[in-house]
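Here are the chains, one letter per residue:
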Amino acid sequence: MADNESGASGIGWFLAGLGVGALVGVLFAPKSGAETRSDIVAASLEAKDKAAQLAQRSREQAKEYAQRGADQVNEYVDRGKEYYEKGRTQWSEYVDKGKGLVEEQQAKVSAAIDAGKEAYVKTTTEPQQS
């Protein structure tokens, strides 16, 4: 970000310096009016060309920064998807493990109930010894 701000202010300072230099040149130049005007026109055209070049470089740099940003966003999105899938897989494993534990406990409870029924039947059907 600091590069963008210094680049934009750098262009402004360049143009300001160019203007001040042209003004000082006009004031101290021992030339005729026609020569001075043609020099001003030439300097203006040169400044225009340099400004166009700087603008083009700025556009290219902005495109590069935008592409870098898009690449980084895509990288973060891919990483997020990866973490999501990893979490989802782990969650499925835990759910399956939990189901297995529940089924195991259910089998133990059923076995205990069946054993209790058998013991009840055995004690109620056997003749009582007195």
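Scroll up to find the structure this text is about.
The rules we used
- Residues numbered from 1 in each chain as written.
- Predicted model: local features only at pLDDT ≥ 70, side-chain atom pairs only at ≥ 80, totals over all residues.
- Heavy atoms only, no water.
- Helix = DSSP H or I, 4+ residues; strand = E, 2+ residues; numbered from the N terminus.
- Buried < 20%, exposed > 50% of the residue type's maximum accessible area, 1.4 Å probe, protein only.
- Areas by Shrake-Rupley, 256 points an atom, 1.4 Å probe, with all protein chains shown as cover.
- Salt bridge = Lys/Arg side-chain N within 4 Å of Asp/Glu carboxyl O.
- Patch = residues over 30% accessible without salt bridge, like charges linked within 9 Å, V, L, I, M, F, W, Y side chains within 5 Å.

Asks: Just checking my understanding: could you explain the overall build of the protein for this structure?
Replies: When helices and strands are tallied, the protein shows 2 helices and 0 strands. Residue burial in the protein is summarised as follows: out of 130 residues, 2% are buried. When the accessible surface of the protein is split by element, carbon and sulfur atoms take 59% of a total near 11,300 Å².

Asks: Looking at this structure, how should I read the pattern of salt bridges?
Replies: Oppositely charged side chains can pair when the atoms bearing their charge come close. Per the counting criterion, the structure on display carries 4 salt bridges. Close ionic contact of Glu64 with Arg68 constitutes a salt bridge, the shortest N to O distance being 2.5 Å. Linking Glu64 with Arg68, this pair stays in helix α2 (residues 33-125), spanning 4 residues, or about one helical turn. For Glu64, a relative accessible area of 41% puts it in the partly exposed group. Note that Lys108 is salt-bridged to Glu104, the shortest N-O span being 3.6 Å. Remark: Glu104 and Lys108 occur in helix α2; sequence separation between them is 4 residues, near one turn of the helix. Residue class for Lys108 comes out partly exposed when judged on its relative accessible area of 48%.

Asks: Can you help me understand a nonpolar patch on the surface in this one?
Replies: A contiguous nonpolar surface patch, about 550 Å² in accessible area, is contributed by Val20, Leu23, Val24, Leu27 and Phe28. In this fold, Val24 is placed in helix α1 (residues 2-28).

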